[in-house]
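Notes for the structure review
What follows is the residue order along each chain.
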Protein chains: 2
Amino acid sequence: MPGSDKGSDTTVERMPAAELVAVLAAVDGANPVVLSVDSEPPSALRALPSGPMEPGHRSLQAGVRSWVERQTRHPLGHIEQLYTFADRGEGGPRAVSISYLALTRIGTTPLPGWRGWYAAFPWEDHRSATGRAASEVLLDALERWCGPVRARRQRARALFGRDGVPWHPEWVLQRYELLFEAGLIAEAGHPAPLAETGTAMWHDHRRILATGIARLRAKIQYHPVVFEMLPDSFTLLHLQQSVEAIAGRLVHKQNFRRLIAAQELVEETGQMSAGTGRPARLYRFRGDVMRDRAVVGTKLPR
Amino acid sequence: MPGSDKGSDTTVERMPAAELVAVLAAVDGANPVVLSVDSEPPSALRALPSGPMEPGHRSLQAGVRSWVERQTRHPLGHIEQLYTFADRGEGGPRAVSISYLALTRIGTTPLPGWRGWYAAFPWEDHRSATGRAASEVLLDALERWCGPVRARRQRARALFGRDGVPWHPEWVLQRYELLFEAGLIAEAGHPAPLAETGTAMWHDHRRILATGIARLRAKIQYHPVVFEMLPDSFTLLHLQQSVEAIAGRLVHKQNFRRLIAAQELVEETGQMSAGTGRPARLYRFRGDVMRDRAVVGTKLPR
DNA sequence: TCCTTTATGCTCAACTTGAGCATAAGTGGG
DNA sequence: CCCACTTATGCTCAAGTTGAGCATAAAGGA
């Protein structure tokens, strides 16, 4: 192998184990959810599914896919690697965890274990006034923590968007890390200093989840991955609500439709939806356009 | 640990060693370069610097930084994780390699080992007619390989941008993988079927480099990372050429300046450049705006 | 019937982007 | 000194994109 200081064979003994961690995301109506395991109390979001890496797959990707599909009995849509973390186990060998984001549909038979992801990040849901209020409260607390340090205050304001600074849905991880730095995050040990601080998760799973949400929010703007989380046929409102659920903010309905129409990502099935209000046309995703353009955006209007 | 089928202790023995691989990028005038090691013949791009992961750092990031800085004696600017690969070592334990992208300046004392990255990807340099021609030749070959399969042809055209389809600089990895699939990539074993196919690299380093270039091209559009690769003071032309070198395509000069001016990312030093043609103002990067906005774009006009 | 709810079509102003025109200010050669 | 050549810099214009709102349609229930 090339490289300057390649380790000797003894190095191998010190080498870390690798673990896979999955952020398995779906949308249940207007509620974005992830699969959670080992909940105590039940129905709380506590830990992401994880397991050891197994030899014998063509790629890590394939390994994650078959492992998750075996566990959940759900076919997976889009899957992508998030990040690799190394934790030092008290100065000794380090455990490497490789995290993945995978998208799926909640079928008609929802598994137990799906939990709304905003339980862990109340301030990230800017669709509702309560979510926005949580974000305000945290920004206040952050500014107290910042003290007179100008750079810090500016960073806080840029991330949490006050005073005309726009709110960027995809900066989930940066916001989480700032809150963490400021000691405002409830972790397993110490209790939450504020009510708006969200539920704690096992080990570093909350950070991994933040990474996953951030990636998904970013991706949704330039790649039609939402459709991996929708049923075969859906109304435009359904599509819009899924996008809003993920992005954590509302969009202008007419503009959203204009955008969707312009991109020719969907086609009418010819059928209409039932339900309250005027019936809406049902659409299906046109998988074929993916090949024409390789990448197409869904773009979020404000 | 939570998770469904957590491995027993015996699993640990099968676990892979982890190796770090760095794509260390810089810009030399109008030439984008990466640090290469172990060149044979010398001055060829053969392998990326790599080494074993060492315990004792706060994070992987910090480990890579100190390792690369020790090797190259260059301070690193931006550094980010690219991807984690697992290669199966003949069905046995897998080697995990964690790859990183790091940016730096080539100081006044250039290290040996910097090589133009387009040697490995001639078709990615759309600044020159020869690069565009290489891209055309490869697309022709691809279309022959595709045969009548419509979906394949469409994918090839979308990626290589023919017939009015726009060329997307950041789809480096996808293009590489398509060429690879089509058997058009020269790898260590078999020779190149075409002249335009670029130089082979050790193991999977060419894929890693492709990932790094892709990430850098994408990043440059919404984060001012170019400045990490420029000297303290520079002319707007210098800045533009660096961007063009990375993006692999030319931009409209006046629009580029308008964009830079609008973003207030740079300020005049008051001095002028010497050299051929009318002297130009020298600028420096305003590091302080980074904090105000958290993220600022450099955006590439066509 | 009227009220509530959701669907859908259309317009407008503000802003962004791609492209080009024109002029300025250096250098080196006749 | 004037000219060709090179790079710098200011400005305009047409198209396209985006944010926001007006208006109307079609269903169900009180």
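Nothing here was measured: the structure is a model prediction, and the numbers come from that model. (Residues numbered from 1 in each chain as written. Chains lettered and ligands numbered in written order. Predicted model: local features only at pLDDT ≥ 70, side-chain atom pairs only at ≥ 80, totals over all residues. Heavy atoms only, no water.)

**Here we look at the overall build of chain A**
- If you tally the helices and strands in chain A, you get 9 helices and 9 strands.
- Buried positions account for 50% of the 302 residues belonging to chain A.
- The contacts of chain A with a sequence gap of at least 6 include a subset with a gap of at least 24, amounting to 63%.
- Carbon and sulfur atoms make up 52% of the accessible area of chain A, which totals about 13700 Å². (Helix = DSSP H or I, 4+ residues; strand = E, 2+ residues; numbered from the N terminus. Buried < 20%, exposed > 50% of the residue type's maximum accessible area, 1.4 Å probe, protein only. Contact = heavy atoms within 4.5 Å. Areas by Shrake-Rupley, 256 points an atom, 1.4 Å probe, with all protein chains shown as cover.)

**Some details on the protein's contact with DNA strand D**
- As a structural note, the neighbourhood of DNA strand D is formed by 20 residues, with His252, Gln254 and Arg278 of chain A together with Lys253 and Arg257 of chain B the closest of them.
- Atoms of DNA strand D within 4 Å of the protein: sugar and phosphate make up 52%, bases the balance.
- At 3.0 Å from a base nitrogen of DNA strand D is found a side-chain nitrogen or oxygen belonging to Arg258 of chain A.
- A distance of 3.2 Å separates a base nitrogen of DNA strand D from a polar side-chain atom of Arg278 of chain B.
- Of all the secondary-structure elements, those providing two or more residues to the surface near DNA strand D are α8 (253–263) of chain A together with α8 (253–263) of chain B. (Near = heavy atom within 4 Å. Polar contact = N/O pair within 3.5 Å; in protein donor to acceptor, adjacent residues only side chain to side chain.)

**Things to note about the sheet that holds strand β8 (residues 266–272) of chain A**
Residues and elements named next belong to chain A.
- Pairing is antiparallel in the open sheet, where 3 strands are placed in the order β7-β9-β8. Strand pairing shows two members of the sheet lacking a second neighbour, β7 (233–234) and β8, which therefore form its edges.
- Judged from the 2 bridges that link them, β7 and strand β9 (residues 281–285) form a sheet pairing that is antiparallel. Bridge pairing in β9 links Phe234 to Tyr283. (Pairing = 2+ DSSP bridges.)

**A look at the protein's contact with DNA strand C**
- For DNA strand C, the set of nearby residues contains 20 residues, the closest of which are Lys253 and Arg257 of chain A together with His252, Gln254 and Arg278 of chain B.
- The protein-proximal atoms of DNA strand C, defined as those within 4 Å of the protein, are 51% sugar or phosphate.
- With respect to DNA strand C, the side chain of His252 of chain B contributes an N or O atom lying 3.2 Å from a base nitrogen.
- Put simply, the parts of the chain that give the surface near DNA strand C at least two residues each are α8 of chain A together with α8 of chain B.
- Sort the elements by how many residues they give to the surface near DNA strand C and α8 of chain A lands first, with 4 residues.

**Some thoughts on the pattern of salt bridges**
- With the rule as written, the count across this model stands at 30 salt bridges over all chains.
- Its salt-bridge partner being Arg175 of chain A, residue Glu124 of chain A comes within 2.8 Å of it at the nearest N-O pair. Highlighted residues: Glu124 of chain A in the loop between β6 (114–116) and α3 (129–146) and Arg175 of chain A in helix α5 (residues 172–181), separated in sequence by 51 residues. Here Glu124 of chain A and Arg175 of chain A have matching classes, each one buried.
- A salt bridge links Glu124 of chain B to Arg217 of chain B; the nearest nitrogen and oxygen atoms lie 2.9 Å apart. Here the residue Glu124 of chain B occupies a position in the loop between β6 (114–116) and α3 (129–146), and Arg217 of chain B occupies one in helix α6 (residues 205–219), the gap between them amounting to 93 residues. (Salt bridge = Lys/Arg side-chain N within 4 Å of Asp/Glu carboxyl O.)

**Considering empty space enclosed by the protein**
- Counted according to the given criterion, the structure contains 5 cavities of 30 Å³ or more.
- Size it by volume and the largest cavity reaches roughly 80 Å³.
- Contributing to the lining of the largest cavity are 13 residues, with Leu20, Met53, Glu54, His57 and Gly63 of chain A lying nearest its centre.
- In terms of residue count, the dominant contributor to the lining of the largest cavity is helix α2 (residues 60–72) of chain A (6 residues).
- What the second largest cavity holds in volume is close to 60 Å³.
- For the second largest cavity, the full set of lining residues is Leu20, Pro52, Met53, Glu54, His57, Gly63, Ser66, Trp67 and Arg70 of chain B.
- With 4 residues, helix α2 (residues 60–72) of chain B is the single largest residue contributor to the lining of the second largest cavity. (1 Å grid on protein atoms, 1.4 Å probe; cavity = no way out; pocket = protein on both sides within 12 Å on 5 of 7 lines; lining within 4 Å. Points joined across faces, edges and corners; volume = space filled by probe spheres on them.)

**So, unusual backbone geometry**
- Here His203 of chain A, not a glycine, exhibits a phi torsion of approximately 50°, which is positive.
- Checked against the element boundaries, His203 of chain A lands in the loop between α5 and α6 (205–219).

**Some details on the packing of α3 of chain A against helix α4 (residues 150–160) of chain A**
All names here are of chain A.
- Packing of α3 against α4 brings their axes to within 9 Å, and their N-to-C directions diverge by 170°. Comparing the axis directions of α3 and α4 gives the class roughly antiparallel. Side by side, α3 and α4 meet where Ser135, Leu139, Leu142, Glu143, Trp145 and Cys146 of the first sit next to Arg152, Arg153, Ala156, Arg157 and Phe160 of the second.
- The class makeup of the residues in the contact of α3 with α4 is 6 nonpolar, 1 polar and 4 charged. (Axes fitted to C-alpha atoms, helices over the stretch in contact; angles between N-to-C directions. Parallel < 35°, antiparallel > 145°, perpendicular 65-115°, else oblique. Nonpolar A, V, L, I, M, F, W, Y, C, P; charged D, E, K, R; others polar.)

These figures come from the coordinates and say nothing about function on their own.
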